[in-house]
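Topology and contacts: notes
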Protein chains: 2
Amino acid sequence: MCPPGCLHSMCRTATRRGLLKSGFTFGLGAATAVASNPPVAIAATSAKIAFSETIDLSHALYEGFPTFSGDKWFTVEHLATFAKDKVNLNRWTIVEHSGTHVDAPIHFSADGMTADMIPISDMIVPLVVIDIRARAADNPDTSLTPDDITRWEAKNGVLPEGCCVVMNSGWHKLLGNPKFTGNDDQKRNHTPGFHAEAAHFLITERKVKGIGVDTLSLDTGLNSGGAFPVHYEWLGSGRWGVECLANLDAIPEVGAHLLLGTPKVRGATGGPTRAIALI
Amino acid sequence: MCPPGCLHSMCRTATRRGLLKSGFTFGLGAATAVASNPPVAIAATSAKIAFSETIDLSHALYEGFPTFSGDKWFTVEHLATFAKDKVNLNRWTIVEHSGTHVDAPIHFSADGMTADMIPISDMIVPLVVIDIRARAADNPDTSLTPDDITRWEAKNGVLPEGCCVVMNSGWHKLLGNPKFTGNDDQKRNHTPGFHAEAAHFLITERKVKGIGVDTLSLDTGLNSGGAFPVHYEWLGSGRWGVECLANLDAIPEVGAHLLLGTPKVRGATGGPTRAIALI
């Protein structure tokens, strides 16, 4: 049950055609969208950030990197090679949401910030990791819930202001395994994600800038077939997300910072991103 | 006059056809390449890095962003729009060296590191800015020379180990102005860059991980018509470069760090990059 003000029911007009033609999903059900909200203006922290170690949280992107639909979202053309031309040069054809990537607010909103508009200072934030690996191993349709956040806070204290909350489902280790997309024979996907109530709790009860997952979608796979309740509410609130994170077992559940190096492309709805933990 | 061991004359076999077909350049003269060198293994610093301010050194990339050849290296296709589809999603067609971007060693070598192979820790480095704006304003064909480095060191001390040396020619303010590409009526380009002797000095006499420019090329425009002496020697030595930096007037000539968030694309010769100064 969603609390008052929950945006899930405000719009149910996403088109099956539009999402399908983009190769964005399949098995699309009733789609859910929120009315456009202005971007959230969370002040950048002026606190000093110090680190002496970096961990790369990005998967390497390659032709055939998994997508829910199975469509190829990334291809490479070799324009010149050193053997022939004494220079190596490639051209990519890439859907913005390929591999480890950012979702900008505009991805699921009418007038949210595009990727180039998000200030750098809003993409260098305290990093919180919530571990649901054990539950996800038993049930790929599980989700990160408000209870998981409450448990994390009981151990670590209230979520740091302006942080990114990342779900560690263990899926970052499944790249190359059919479980990574979790396709079934009815073209549904079985992968963990945020529960809509957890996203809503973080928006209304905490001051959080971003959420991240080690799966292909902020939503569960089953909710990424059209409804996308987390995408619509979270991105619609002006916040960003990051998907397909790697190496989450290597970072502490609190204390690190996350830096997202997203190409600054005018009007982008996201982009392939170098995600870095500063420890 | 190049010192002994200079690699400029080791190979003159780059093909005009190969570079031209890629839209990489025009007015190609005799091309120069070095034999392949193994990647440089400079140990990552374990020193603590602290910052409380960030400055975005990236230009926003857009269709029509300048290239020397005038070819369009970046286009966007809108696969879905919120107005029609309740989701915004784009596909890019992009040559790896568009906008603010990294040159990986493989770009101008047979077997150098690809962008995904460069460790994150090698792309977070002390940032040195050498200002040649006054000279470049008078002569767009000028270059950053060993004398400029010597003058910088006389004021600031020896270059920090593992740093990136960036040329501030003032060109970062010329985006949108014909001077940015500096095309003349003979299809040559007049823009500043590193002198080959400066690159060689940094390789042989200092411990430097990268060089950067606020122009379209590590080389001068006139040397980017085929010879590319700095590209061949610098990248051929296993080091990286970064081109088209922005906002260089906003950062100190020493004391900041540079972080390059380059998409981790398997086999990439470079890539559009979020360049960030940590201050």
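Check the entry above for the structure.
Read on for an overview of the structure.

Conventions adopted
Residues numbered from 1 in each chain as written. Chains lettered and ligands numbered in written order. Predicted model: local features only at pLDDT ≥ 70, side-chain atom pairs only at ≥ 80, totals over all residues. Heavy atoms only, no water. Helix = DSSP H or I, 4+ residues; strand = E, 2+ residues; numbered from the N terminus. Buried < 20%, exposed > 50% of the residue type's maximum accessible area, 1.4 Å probe, protein only. Polar contact = N/O pair within 3.5 Å; in protein donor to acceptor, adjacent residues only side chain to side chain. Least-squares fit on C-alpha atoms with pLDDT ≥ 70 in both. Contact = heavy atoms within 4.5 Å. Pairing = 2+ DSSP bridges. Axes fitted to C-alpha atoms, helices over the stretch in contact; angles between N-to-C directions. Buried area = accessible area lost by both parts, 1.4 Å probe. Salt bridge = Lys/Arg side-chain N within 4 Å of Asp/Glu carboxyl O. Phe/Tyr/Trp six-rings, centres within 6.5 Å; stacked < 30°, edge-to-face > 60°. Lys NZ or Arg CZ within 6 Å of the ring centre and 35° of its normal.

Residues and elements named next belong to chain A. Locating histidine 101 in the fold gives a position in strand E5 (residues 101-103). Residue histidine 101 is classed as buried on the basis of its relative accessible area, which comes to 2%. With 172 residues separating them in the primary sequence, histidine 101 and threonine 273 have C-alpha atoms 4.7 Å apart. Of the polar contacts made by the side chain of histidine 101, one reaches the side chain of glutamate 243; its length is 2.7 Å.

The two copies are related by a screw motion: chain A maps onto chain B through a turn of 180° and a shift of 0.0 Å along the axis, at an RMSD of 0.0 Å. Classification of the inter-copy transformation places it as that of a two-fold axis. When the interface residues of chain A are mapped onto chain B, 100% of them again fall at the interface, so both copies present the same face.

In spatial order, the strands read E3(A)-E4(A)-E4(B)-E3(B); together these 4 strands make up an open sheet with antiparallel pairing. If you trace the sheet from one side to the other, it starts and ends with strand E3 (74-80) of chain A together with strand E3 (74-80) of chain B, each paired once. Looking at each pair of strands side by side, their axes are set apart by 15° on average, direction ignored. By the bridge criterion, 6 bridges tie E3(B) to strand E4 (residues 89-95) of chain B in an arrangement that is antiparallel. Among the inter-strand pairings, B:Phe74 is bridged to a residue of E4(B), identified as B:Ile94.

A separate point is the interface of chain A and chain B. Every contact between the two is made by 72 residues of chain A and, on the other side, 73 residues of chain B. When the buried surface of chain A facing chain B is broken down by residue, A:Trp92, A:Lys264 and A:Arg274 rank first, second and third, together holding 13% of it. The shortest N-O distance in the salt bridge between B:Lys264 and A:Asp56 comes to 3.2 Å. If one sorts the elements of the side of chain A that touches chain B by residue count, strand E4 (residues 89-95) of chain A sits on top with 7 residues.

All names here are of chain A. In total, this model carries 11 aromatic pairs over all chains according to the counting rule given. An angle of 80° between the planes, with centres 4.7 Å apart, marks the rings of phenylalanine 108 and tyrosine 232 as edge-to-face. Residue phenylalanine 108 is found in the loop between E5 and strand E6 (124-131), and its partner tyrosine 232 is found in helix H6 (residues 229-236); the two are separated by 124 residues along the sequence. Site record: aromatic cluster; members linked through ring pairs are Tyr62, Phe65 and Phe180. In this arrangement the basic side chain of arginine 239 is found over the ring face of tryptophan 234, its NZ or CZ atom lying 5.6 Å from the centre.

Residues and elements named next belong to chain A. Counted according to the given criterion, the structure contains 26 salt bridges over all chains. With a shortest N-O distance of 3.0 Å, aspartate 249 and lysine 173 are connected by a salt bridge. Here aspartate 249, found in the loop between strand E11 (240-243) and strand E12 (256-261), pairs with lysine 173, found in the loop between strand E8 (163-168) and strand E9 (193-194); they are 76 residues apart in sequence, far enough to count as distant. A residue is classified by how much of its surface remains accessible, and aspartate 249, at 32% relative accessible area, is partly exposed. Each of Asp131, Arg133, Lys173 and Asp249 takes part in salt bridges that share partners, so that together they form one network.

In an α-helix, one turn spans 3.6 residues, which is why side chains three or four residues apart end up on the same side. The element H6(A) is extensively covered by neighbouring structure, given that 8 of its 8 residues are classed as buried. Turning to H6(A), its buried residues are A:Pro229, A:Val230, A:His231, A:Tyr232, A:Glu233, A:Trp234, A:Leu235 and A:Gly236. Packed against the buried residues of H6(A) are E5, E9, helix H5 (196-205), strand E10 (208-213) and E11 of chain A together with helix H2 (82-85) of chain B. After H6(A) finishes, the residue A:Gly238 shows a positive phi value of roughly 95°.

Let us look at the sheet that holds E12(A). All names here are of chain A. The 9 strands lie next to each other as E2-E14-E12-E6-E8-E10-E11-E5-E13, forming an open sheet whose pairing is mixed. Strands at the two margins of the open sheet, each flanked by one partner only, are strand E2 (54-56) and strand E13 (270-272). If you compare each strand with its neighbour and ignore which way they point, the axes differ by 25° on average.

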